[in-house]
Amino acid sequence: MQAPGGPKEDTSGGFKHGGWTAPYTDEVYGKVVQNELKPADYLLGRKTFKIWESYWPKHADFWPGINEGTKYVISKTVKKSDWKKSVFLKSAADIKKVKNTDGSDIQVWGSSELIKLLLKNDLVDELRLKIHPLTLGKGKKLFTDGAIPAAFTLTESTVTSTGVIIATYKRAGKVKTGTVGV
């Protein structure tokens, strides 16, 4: 999940495969992404916010509405920004308060450490996954120790001409177990 958009996006940890999604885009992929760019509010980790803060205010023609959505940022060090509608949060409890208010959908883009925090605290209602037909070997991981056991139901899926599986899952309660073949 590290640096999907370009070679220089996130080279932390010596990551050398930035821009790895580019060869897998096609018309279907593009339509899915355009649909995801509908107006919303955003929950971002500090690192993703800093990347976005320097880029999106100058490139909103590609993502209409990005500057109008509220950017909720989880950070213990960054407390203010000149990017309009930026709100800073400190904890999972703060995120839960925002989640429980009326308003726009809240989307998380990137932000690997934030996603782990959300999964650990049962704050994920929906997962939108793009599974690319490659392995990178190194880089940031989405699912690691700490996520609570949780079941999800597939609500939408498509496969692109380049082999990317795009799947949307909604939270479906607790994990159910059983014995196969019985």
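Preceding block: the structure.
Residues numbered from 1 in each chain as written. Predicted model: local features only at pLDDT ≥ 70, side-chain atom pairs only at ≥ 80, totals over all residues. Heavy atoms only, no water.

Asker: Even after reading the chapter, I still don't get the packing of aromatic side chains, so can you show me in this structure?
Answerer: Two aromatic rings are characterised by how far apart their centres lie and by the angle between their planes. On inspection of all chains with the given rule, the structure shows 10 aromatic pairs. Centre to centre, the rings of Trp56 and Trp63 are 5.1 Å apart; their planes meet at 90°, and the pair counts as edge-to-face. We note Lys71 situated over the ring of Trp83; from NZ or CZ to the ring centre the distance is 4.4 Å. Sitting over the face of the ring of Phe152, Arg171 holds its NZ or CZ atom 5.9 Å from the ring centroid. (Phe/Tyr/Trp six-rings, centres within 6.5 Å; stacked < 30°, edge-to-face > 60°. Lys NZ or Arg CZ within 6 Å of the ring centre and 35° of its normal.)

Asker: Honestly, the environment of Lys140 in this entry has me stumped. Any pointers?
Answerer: The residue Lys140 is located in the loop between β5 (126–131) and β6 (152–159) in this model. With relative accessibility at 24%, the residue Lys140 sits in the partly exposed group. Counting along the chain gives 24 residues from Lys140 to Val164, while the straight-line C-alpha distance between them is 19 Å. When sequence neighbours within four positions are dropped, the list of residues in contact with Lys140 reads Met1, Gln2, Asp10, Ser12, Lys47 and Ser112. Reaching out from Lys140, the side chain makes a polar contact with the side chain of Asp10 at a distance of 2.6 Å. (Helix = DSSP H or I, 4+ residues; strand = E, 2+ residues; numbered from the N terminus. Buried < 20%, exposed > 50% of the residue type's maximum accessible area, 1.4 Å probe, protein only. Contact = heavy atoms within 4.5 Å. Polar contact = N/O pair within 3.5 Å; in protein donor to acceptor, adjacent residues only side chain to side chain.)

Asker: Got a minute to help me understand the layout of surface pockets in this structure?
Answerer: The rolling of a water-molecule-sized probe over the atoms marks out the regions of remaining empty space. In this structure, the second largest pocket spans a volume of roughly 270 Å³. Elements with a minimum of two residues in the lining of the second largest pocket: α1 (27–36), β5, β6 and β7 (165–171). Residues that form the lining of the second largest pocket fall into these classes: five nonpolar, five polar and six charged. (1 Å grid on protein atoms, 1.4 Å probe; cavity = no way out; pocket = protein on both sides within 12 Å on 5 of 7 lines; lining within 4 Å. Points joined across faces, edges and corners; volume = space filled by probe spheres on them. Nonpolar A, V, L, I, M, F, W, Y, C, P; charged D, E, K, R; others polar.)

Asker: For this particular structure, what's the right way to read the sheet that holds β6?
Answerer: Here we have three strands laid out as an open sheet, ordered β5-β7-β6, and antiparallel in their pairing. A single partner strand is all that each edge strand has here, and the edge strands are β5 and β6. Across this sheet, the average inter-strand angle for adjacent strands is 15°, counted without regard to direction. Packed on one face of the sheet, α1 meets β5, β6 and β7 and runs near 155° to β5. (Pairing = 2+ DSSP bridges. Axes fitted to C-alpha atoms, helices over the stretch in contact; angles between N-to-C directions.)

Asker: Help me out: how do you make sense of the sheet that holds strand β3 (residues 86–89) in this one?
Answerer: Spatial strand order, β3-β2-β1-β4: four strands in an open sheet with parallel pairing. Two strands close off the open sheet at either side, each with one partner strand: β3 and β4 (106–108). Direction aside, neighbouring strands of the sheet carry axes that sit 25° apart on average. In this structure, strand β2 (residues 71–74) lies alongside β3, joined through four bridges in parallel fashion. The residue of β3 that forms the bridge with Ile74 is Leu89. Along the sheet face, helix α4 (residues 112–120) touches β1 (41–45), β2 and β4 and points at about 105° away from the line of β1.

Asker: Where do I start with the pattern of salt bridges in this structure?
Answerer: Side chains carrying opposite charge are able to pair once their charged atoms draw close together. Here the structure, examined in full by the defined rule, presents 10 salt bridges. One salt bridge in this structure joins Glu113 and Lys116, with 3.1 Å as the shortest N-O distance. With Glu113 and Lys116 both in helix α4 and three residues apart, this pair spans about one turn of that helix. Classification of Glu113 as exposed rests on a relative accessible area of 55%. Put simply, Arg128 and Glu126 hold a salt bridge, and the shortest N to O gap is 2.9 Å. Several salt bridges converge on common partners, so that one network encompasses Glu126, Arg128 and Lys170. (Salt bridge = Lys/Arg side-chain N within 4 Å of Asp/Glu carboxyl O.)

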